[in-house]
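# Overview (structure and organization)
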Amino acid sequence: MQILNKIGFFSKPSKKKISEFLRNSTLHPGKLFLHKLVLGIETSCDDTAAAVVDETGNVLGEAIHSQTEVHLKTGGIIPPVAQQLHRENIQRIVQEALSASRVSPSELSAIATTIKPGLALSLGVGLSFSLQLVDQLKKPFIPIHHMEAHALTIRLTNKVEFPFLVLLISGGHCLLSLVQGVSDFLLLGKSLDIAPGDMLDKVARRLSLIKHPECSTMSGGKAIEHLAKQGNKLHLEIKPPMQHVKNCDFSFSGFQTITDRIITQKEKEEGIEKGQILSSAADMAAAVQHAVACHIAKRTHRAILFCKQRGLLPQTDAVLVVSGGVASNLYIRKVLEIVTNATECTLLCPPPRLCTDNGIMVAWNGIERLRAGLGILHDTEGIRYEPKCPLGIDISKEVGKAAIKVPHLNMTI
């Protein structure tokens, strides 16, 4: 479907093409939907995704186009390239999701789309497309906060009641937040510089893991996790930052500086040029992954203790949800399990495919908002995307003032 675009991303469709789309998207005979249905559209970064979800949590149809292969070749995400790929694929992906769901556009209760935060050029494509779709179909529009969608995905797969603590770790974000309701978040801490996924990707590039035969098709973070299984984390010492800073903020840029210095030294020792693979690459991957896991775990441990101290979480049976792309790293999950076991919490993670960016989480967030009657727009005049946007109310300074000392835990796995 080509959609009329006020912002200029798409050309005005002919009546013939609109009729063709509607004809191709009609409801299958005999199928009756009794539940609310939401189409979710996600283009916040480098994946074009869409899904149709009903209010009982059934995923009726989904589709996704990954840009990973393209960005691996360019050494990272280049926003104009990501934008162009979204433009080329969004129509097809939405149509595939609707087709798989056997839902006619006229049967939708609302259209939900990520509008914040993310890459401006990528967000713009999804928002532009969605607004024209909303205009054509005369459906309510639900703007979605990307981080809120990640946080609430667990409620699609597990029976989780509010409040719960969420740790969101990905290529673009790292934060700890207390989730008190569908749109009620208290921010406990966030990364002061780069995100863990971004840092792992950069370390992987510095190690030239794309040239490694086992890692050539993997993202940087996946390559680090894969290679780390073959390495010894104790052969190299990388100390986590902010050891004596008693808050829940994170820092990952220092890891990159330290590893770059170690890699340069190792290259000299092994007599190889920059760009060649070190014989100690697996040890480096293991050491970096362990240090990152310990840093994340300690800040999360403090967040749990703070929330329990203030009565924000129950003393027993509290829930820690870990989501975002880096949450699919099983080593980091195991280290976090040590923390949750010590604090009598339950660790829950969405399935790996729902940890990374996807249309299902956006559609589900739309369902959550429909149920709560929050943020449902019948007039989209003036709606804009927001590349940078906080999550909830920031109480991180209060956390820092509490200066909670975290007891030592044995992080050996």
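To keep things clear, this report deals only with the structure shown in the data block. (Residues numbered from 1 in each chain as written. Predicted model: local features only at pLDDT ≥ 70, side-chain atom pairs only at ≥ 80, totals over all residues. Heavy atoms only, no water.)

### Comments concerning the sheet that holds strand β8 (residues 184-190)
- Strand order in the open sheet formed by six strands is β10-β9-β6-β7-β8-β11, and the pairing between neighbours is mixed. One side of each edge strand has no neighbouring strand; the edge strands of this open sheet are β10 (345-348) and β11 (393-394).
- Strand direction decides the pairing type here: strand β9 (residues 318-323) and β10, joined by four bridges, are parallel. In the strand pairing of β10, V319 is matched with T346.
- Those strands touched by helix α11 (residues 330-342) are β6 (164-169), β9 and β10, and its axis lies near 165° from that of β10. (Pairing = 2+ DSSP bridges. Helix = DSSP H or I, 4+ residues; strand = E, 2+ residues; numbered from the N terminus. Contact = heavy atoms within 4.5 Å. Axes fitted to C-alpha atoms, helices over the stretch in contact; angles between N-to-C directions.)

### Considerations on the packing of aromatic side chains
- What the rule picks out here adds up to three aromatic pairs.
- Judged by centre distance (6.1 Å) and plane angle (10°), the rings of F250 and F252 are stacked. The pair F250 / F252 is uniform in exposure class, with both members buried.
- Ring pairing ties together the aromatic residues F250, F252 and F255, which thus form one cluster. (Phe/Tyr/Trp six-rings, centres within 6.5 Å; stacked < 30°, edge-to-face > 60°. Buried < 20%, exposed > 50% of the residue type's maximum accessible area, 1.4 Å probe, protein only.)

### A closer look at the environment of I404
- Tracing the backbone through its elements, the reader meets I404 in the segment after α14 (396-402).
- Given the relative accessible area of 9%, I404 is considered buried.
- Taking C-alpha positions, I404 is 6.1 Å from K246, a pair spaced 158 residues apart along the chain.
- Once residues lying within four places of it in the same chain are set aside, the contact partners of I404 are K246, R302, L305, F306 and Q309.

### With respect to unusual backbone geometry
- F162 connects to P163 through a cis peptide bond whose omega is -5°.
- Of note, P163 is situated in the loop between α6 (154-157) and β6.
- At A403, a residue that is not glycine, the phi angle is positive and equals roughly 45°.
- Counting through the fold element by element, A403 comes out in the segment after α14.
- Taking relative accessible area as the criterion, A403 reaches 37% and is therefore assigned partly exposed.

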